[in-house]
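# Structural overview
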Amino acid sequence: MKQVEGCIFDLDNVLVDSNDSTILPGVKRFLINLRVSGMKLAVTSKKYDANNILKVLDIQNYFDVILGSNDDNTNLGSLLLKTAEELKLVPEHCVMFDNETDILGQAKKLNMSAVGVGTDISCNYADKTVPNLSDVNSSILNFN
């Protein structure tokens, strides 16, 4: 079984509804579940104000690493590597949660596990898919 020590989340449409910046159902419960199980947690975002959004939603303290960038030219692979590095983990011990296939694909190229969050994600890009995080617990981190 693959050893998972850290989870990386995309802020938009995985943790937060990007239309109105509200926390999505089940997210806080899932983050608490992961923290209790000893996971290191990170969030990445293309929004420069990710820290402020997380602070307003009162979930910033769940994360060990918060990386935000408003640069659309940021190399996704480099961003994921930097996030794993800041978590002090090798990519192979990280799981990426995202709703964008390009980011999930980059995670897979780096030997990270990938969980697609949404209903339109192909299994070609993710090891597992879930419609949202409302009914998910830490058992989703069990990979063969």
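Look above for the structure.
Within each chain, residue numbers correspond to sequence positions counted from 1 in written order. Two thresholds apply to this predicted model, a pLDDT of at least 70 for residue-level local features and 80 or more for giving and counting side-chain atom pairs, whereas whole-chain, interface and lining totals are computed over all residues. Each side-chain value is derived from all of the structure's non-hydrogen atoms; neither hydrogens nor water enter the calculation.

## Overview of the nonpolar core
What counts is decided by this rule: Take the buried residues of types Ala, Val, Leu, Ile, Met, Phe, Trp, Tyr and Cys, join any two whose side-chain atoms come within 4.5 Å, and each joined set is a nonpolar core. Between buried and exposed lies partly exposed: a residue is buried under 20% and exposed over 50% of the maximum accessible area for its type, with that area taken using a 1.4 Å probe on protein chains only. In DSSP terms, a helix is any run of H or I states spanning at least four residues, a strand is any run of E spanning at least two, and both are numbered starting from the N terminus. Note on definitions: a residue-residue contact is assigned when non-hydrogen atoms from the two residues lie within 4.5 Å.
Among the nonpolar cores identified, the biggest contains 31 residues, and Phe-9, Leu-15, Phe-63, Phe-97, Leu-133 and Leu-141 are the most heavily contacted of them. Those elements that provide at least two residues to this core are strand S1 (6-10), helix H1 (27-36), strand S4 (40-45), helix H2 (50-56), strand S6 (94-98) and strand S7 (113-117). No other element matches the 4 residues that H1 contributes to this core. Leave out the neighbours within four places in its chain, and Leu-133 touches Phe-9, Val-14, Leu-15, Pro-25, Gly-26, Val-27, Arg-29, Phe-30, Phe-97 and Val-117. Leu-67, Leu-79, Leu-80 and Met-96 belong to the second-largest nonpolar core, a separate cluster that totals 16 residues.

## Digging into the packing of aromatic side chains
We count it as follows: Under the pairing criterion, centres of Phe, Tyr and Trp rings, with the six-membered ring standing for Trp, must be within 6.5 Å; the plane angle then separates stacked pairs below 30 degrees from edge-to-face pairs above 60, leaving the rest tilted.
Taken as a whole, this structure holds 4 aromatic pairs when the rule is applied. Consider the rings of Phe-9 and Phe-63, whose centres lie 6.4 Å apart with planes at 75°: the pair is edge-to-face. Taken as a pair, Phe-9 in strand S1 and Phe-63 in the loop between H2 and strand S5 (65-68) lie far apart in primary sequence, 54 residues in all. Note on accessibility: Phe-9 and Phe-63 belong to one class, buried. On the numbers, 5.8 Å between centres and 70° between planes, the contact of Phe-30 with Phe-97 is edge-to-face. Of this pair, Phe-30 sits in helix H1 while Phe-97 is found in strand S6, placing the two residues 67 residues apart along the sequence. The same class applies to Phe-30 and to Phe-97, which are both buried.

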